[in-house]
Amino acid sequence: MWHQEGSVDQSRKNGEPVQMQIWVDADACPNVIKEIIFRAATRTSTKVILVANQPVRVPLTGFISSIQVPKGFDIADNKIVELVQIGDLVVTADIPLADLVVGKGGLALDPRGGLYTKENIKDRLATRDLMEQLRDGGMVTGGPKTLGSKERQAFANQLDRILAGFSRKI
């Protein structure tokens, strides 16, 4: 099942009460994290939309779909920012995207379980920019450590807390 661009849930446009949706920055999201999201979406009947510049396989459920955007710098990010609504969750390791999502009233969660908030996003962005400068200057080499079981568990726990917190607000 492929979710085509432009087929956003119409109840969101009509001002009716809506359920939180999970948007996934799918080009860089590890498959193991996608599987955790798929299980949580099925368990909680939460709509998930993966956004990528290439075809993404999704389980055939009524809750999980994808949008394919053209290849290009930040096109998937821009599509997520365009479609995300207040209270939606975006799963991304892209801190500038997380900053835009938080600015729109959404939640952002990185694949290691870190929650981006209004209180921490500017610090995370500044740290990212500093690390980029250090890497560009050759002072720091390498990237983040491999996603291990501890990080996967942290992500699953944080996702469960977010979904449980949202269901209490309804």
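Anything mentioned here points back to the structure above.
Rules of the game
- Residues numbered from 1 in each chain as written.
- Predicted model: local features only at pLDDT ≥ 70, side-chain atom pairs only at ≥ 80, totals over all residues.
- Heavy atoms only, no water.
- Buried < 20%, exposed > 50% of the residue type's maximum accessible area, 1.4 Å probe, protein only.
- Helix = DSSP H or I, 4+ residues; strand = E, 2+ residues; numbered from the N terminus.
- Contact = heavy atoms within 4.5 Å.
- Pairing = 2+ DSSP bridges.
- Axes fitted to C-alpha atoms, helices over the stretch in contact; angles between N-to-C directions.
- Right-handed = clockwise from strand over helix to strand, strands pointing away.
- Core = buried A, V, L, I, M, F, W, Y, C linked by side-chain atoms within 4.5 Å.
- Salt bridge = Lys/Arg side-chain N within 4 Å of Asp/Glu carboxyl O.

Asker: Could you give an account of helix H3 (residues 75–83), naming the residues involved and the relevant values?
Answerer: Those residues of H3 that fall on the buried side of the exposure criterion are Ala76, Asp77, Lys79, Ile80, Val81 and Leu83. Contact partners of the buried residues in H3: strand S1 (21–25), strand S2 (47–52), strand S3 (64–68), strand S4 (89–91) and helix H4 (95–103).

Asker: Lay out H4 with the relevant residues and their values.
Answerer: Residues spaced three or four apart along an α-helix point in a common direction, a consequence of the helix completing one turn every 3.6 residues. For H4, the complete set of buried residues consists of Ile95, Leu97, Ala98, Asp99, Val101 and Val102. Looking one or two residues past H4, glycine 105 carries a phi angle of roughly 95 degrees, positive in sign.

Asker: Can you tell me about the sheet that holds strand S5 (residues 107–109), naming the residues and giving the values?
Answerer: One key point about sheets: their strands pair by backbone hydrogen bonds, in either a parallel or an antiparallel sense. Read from one edge to the other, the open sheet built from 6 strands follows the order S3-S2-S1-S4-S5-S6, with strand pairing classed as mixed. Of all the strands in the sheet, the pair left with one neighbour each is S3 and strand S6 (115–116). Pairing analysis gives 3 bridges linking S4 to S5, with the strands arranged parallel. What sits directly across from valine 90, in S5, is alanine 108. The strands that H3 touches are S1, S2, S3 and S4; relative to S1, the one it contacts most, it runs at about 165 degrees.

Asker: Pulling in residues and values, what's your account of unusual backbone geometry?
Answerer: If you check the backbone angles, serine 45 has positive phi at about 55 degrees while not being a glycine. We classify serine 45 as partly exposed; its relative accessible area is 35%. A positive phi angle, close to 65 degrees, is found at aspartate 74, a residue other than glycine. Along the chain, aspartate 74 turns up in the loop between S3 and H3. Overall, the relative accessible area of 30% leaves aspartate 74 in the partly exposed class.

Asker: An account of the pairing of S1 is requested, with residue identities and associated values reported.
Answerer: By the criterion of burial, S1 is predominantly enclosed, with 5 of the 5 residues buried. Going residue by residue along S1, you find Gln21, Trp23 and Asp25 tucked away on one face and Ile22 and Val24 tucked away on the opposite face as well. Each parallel crossover has a hand, and for S1 linked through helix H2 (residues 31–44) to S2 it is right-handed. Across 3 bridges, S1 lies against S4 in parallel orientation.

Asker: Just give me the short version of the nonpolar core, but keep the residues and values in it.
Answerer: Counting 26 residues, the largest nonpolar core has Ile22, Val24, Ile37, Leu50, Val91 and Leu159 as the members making the most contacts within it. Every element with two or more residues in this core is listed here: S1, H2, S2, S4 and helix H6 (149–169). Top contributing element to this core by residue count: H2, with 6 residues.

Asker: Any chance you could break down the pattern of salt bridges for me, citing the residues and the numbers?
Answerer: For the structure shown, the criterion picks out 4 salt bridges. Between lysine 79 and glutamate 82 there is a salt bridge, and its shortest N-O distance comes to 3.5 Å. Of this pair, lysine 79 and glutamate 82 both sit in helix H3, separated by 3 residues, roughly a single helical turn. A salt bridge links arginine 112 to glutamate 151; the nearest nitrogen and oxygen atoms lie 4.0 Å apart. Taken together, the positions of arginine 112 in the loop between S5 and S6 and glutamate 151 in helix H6 put the pair 39 residues apart, joining distant regions of the chain. Note on glutamate 151: relative accessible area 11%, which makes it buried.

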